[in-house]
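Observations on chain architecture
So you can see what is in the structure, the chains are spelled out below.
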Amino acid sequence: MDFRYDAIVVGARVAGASTAMLMARGGMRVLLVDWAEAGSDTMSTHALMRGATMQLARWGLLDNLLATGTPEVTKTTFWYGDAHFEVPIRPAHGTNGLIAPRRHLLDRTLVEAAREAGVDVRFQTAFKDVIRNDAGRVVGATIAEGGVTRQVFADLVVGADGRRSTVARRVKAAAHTVAGNTIACVYGYFEGPVNDGYRWYYQPDCAAGAIPTNDGAHCIFAGARPGAMAVMLQEKGAQGTLEALCRASRPGLEDELAQPVSRPVVFRGEPGYFRKSAGAGWALVGDAGYFKDPLTAHGITDALRDAEILARAALDGGDAALKAYEFTRDGLAQDLFDVTDEIAAFSMSMNELMAAHVRLNKIMKAEQDWMVEAFAPVPEAA
């Protein structure tokens, strides 16, 4: 390991690996560190929206994921009680459909692309603290690898280390906006369901979904208000809660849980937030800087979009560019954040929920149009 880089990125998952890769493709010397082992999984329902597949295609990585057997999604079905609507996913912006690769595949693909671009990637390497100069500017990081603690210097330290971001704590990046609502959810992986695209099921007090992913499996999830979920988990356990909520969301969906290939994962709920995400020598990206409720399944799309905004700011250089990154991110994310917060309240009638999803669709299409214009020309794969 060298002791001087242009940037240190903490967190080697979607947001961090993408940011590091794009900075390195632009000519920066980048160190990417993560405390976890390479190839580990993480909590995520990983349904990618169009903006995410657009980014992966532009970066030359979508075909790599399709080659792993990740199925293409060409249809989404929304169920509101007993009423349902099918929405075809037509080819657009260089993609034929949507995908939902398992996180260990998506993260690995991005990390490998970062390595190919020249990033120095270090797993099982923990970030401890930032280093500041006499003026208070962040000029590097203290990290620990293999029992050895060392100081590494850089012009920029990026926190991409998730909702519990240590970087955010060390730079005292406070939340300036917090959502009023959140859901709790439980999910697992199951063989057997037929790939019929993304399926979303809604009732006044619960929701569920089925997401086709690798190896012929589906990620099947269900959500409810945190208080109701807590009671069910205590009474039924995670698997029983998933079965009960699937049945409540759409009778018969619970039958698709017959062949589990994983133990259920529980998210107990956490309100979304915007944190201050840029300062003198530091920035935050992904869930470290901005998080919203997972019910609208847009988190990975946000992370890939914001990775490129931040990488371009870093390549421009200077604190003003970092501040512009934060301003741009907040402007793009605010409407989606607000409508997600409304949906997560579980307070809408089915007609109101349908109207909210129409608004959500318009916001996502506007985001895609912005990305097409803002991100030209296409960064070439290394």
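Structure's up top.
Anyway, here's the lowdown on the structure attached to this text. Residue numbers restart at each chain and count upward from 1, following the sequence in its written direction. In view of the model being predicted, local features appear only for residues whose pLDDT reaches at least 70, and side-chain atom pairs are presented and counted only at 80 or more, with totals across whole chains, interfaces and linings using the full set of residues. The basis for the side-chain values is all heavy atoms of the structure; hydrogens and waters are excluded.

We call a residue buried when its accessible area falls under 20% of the maximum for its residue type, exposed when it is over 50%, and partly exposed in between, using a 1.4 Å probe and counting protein chains only. For the purposes of this entry, the term helix denotes a DSSP run of H or I that reaches at least four residues, the term strand denotes a run of E that reaches at least two, and both are numbered from the N terminus. Among the seven residues that make up strand β1 (residues 4–10), five are buried, leaving the element largely enclosed by the rest of the structure. Two elements, β1 and strand β8 (residues 148–159), share six bridges in a ladder whose sense is parallel. Across the sheet, the residue bridging to V9 is V158, located in β8. Paired strands are those between which DSSP finds at least two bridges. Relative to strand β2 (residues 30–34), β1 runs parallel, the two sharing four bridges. Of the residues in β2, the one forming a bridge with V9 is L32. Crossover β1 to β2 through helix α1 (residues 14–25) is right-handed. The handedness rule is simple: strands pointing away from the viewer, and a clockwise path from the first strand over the helix to the second, make the crossover right-handed.

A few words now on the pattern of salt bridges. We count a salt bridge whenever a side-chain nitrogen from Lys or Arg sits within 4 Å of a carboxyl oxygen from Asp or Glu. Counted by the stated rule, this structure contains 27 salt bridges. For K75, the salt bridge is made with D196, and the minimal N-O distance between the two is 2.7 Å. Of this pair, K75 sits in strand β3 (residues 75–80) while D196 sits in the loop between β10 (184–191) and β11 (198–203), and the two are 121 residues apart along the sequence. Between E256 and R199 there is a salt bridge, and its shortest N-O distance comes to 2.9 Å. Taken together, the residues E256 in the loop between α6 (226–249) and β14 (259–260) and R199 in strand β11 connect sequence positions 57 residues apart. Each of K292, D302, R305, D306 and E367 takes part in a single network of salt bridges with overlapping partners.

Aromatic rings from Phe, Tyr and Trp, taking only the six-membered ring of Trp, are treated as a pair when their centres fall within 6.5 Å; an angle between ring planes under 30 degrees marks them as stacked, one over 60 as edge-to-face, and anything in between as tilted. Applying the stated criterion across every chain yields a total of 12 aromatic pairs. Ring geometry for W200 against F221: centres 5.9 Å apart, planes inclined by 50°, an arrangement best described as tilted. Note that W200 is positioned in strand β11 and F221 in strand β13 (residues 217–224), a separation of 21 residues in sequence. The class for W200 is buried, based on a relative accessible area of 8%. Judged by relative accessible area, which is 7%, F221 ranks as buried. Centroid distance Y273 to F291: 5.8 Å. Interplanar angle 35°. Geometry classified as tilted. Of this pair, Y273 sits in strand β16 (residues 273–275) while F291 sits in strand β19 (residues 290–291), and the two are 18 residues apart along the sequence. Grouping residues by exposure puts Y273 and F291 together as buried.

Let us look at the state of the cysteines. Throughout, a disulfide means two cysteine sulfur atoms within 2.5 Å of one another. For the coordinates displayed, the defined rule picks out zero disulfides. C206 supplies the cysteine sulfur nearest to C246, a cysteine that is in no disulfide, at a spacing of 9.2 Å.

Contact pair helix α2 (residues 50–58) / helix α9 (residues 350–374): the axes reach a minimum separation of 9 Å and the direction vectors enclose 20°. On the basis of the axis angle, α2 is roughly parallel to α9. Where α2 crosses over α9, the handedness of that crossing is right-handed. Residue-level inspection shows R50, G51, M54 and Q55 of α2 in contact with α9, the latter providing Q368, M371 and V372. When residues are grouped by polarity, Ala, Val, Leu, Ile, Met, Phe, Trp, Tyr, Cys and Pro land in nonpolar, Asp, Glu, Lys and Arg in charged, and all others, Gly among them, in polar. Of the residues contributing to the contact of α2 with α9, the split by class is three nonpolar, three polar and one charged. In this analysis an axis means a line fitted to C-alpha atoms, helices contributing only their contacting stretch, and an angle means the value between N-to-C directions, from 0 to 180 degrees. Angle categories are assigned with fixed cut-offs, so that under 35 degrees is roughly parallel, over 145 is roughly antiparallel, 65 to 115 is roughly perpendicular, and the rest are oblique. Note on convention: the crossing is left-handed when the near helix lies turned anticlockwise from the far helix by less than a right angle, right-handed when the turn is clockwise. Between two residues, a contact is recorded if the distance between any of their heavy atoms is within 4.5 Å.

Just distances and angles here, no functional claims.
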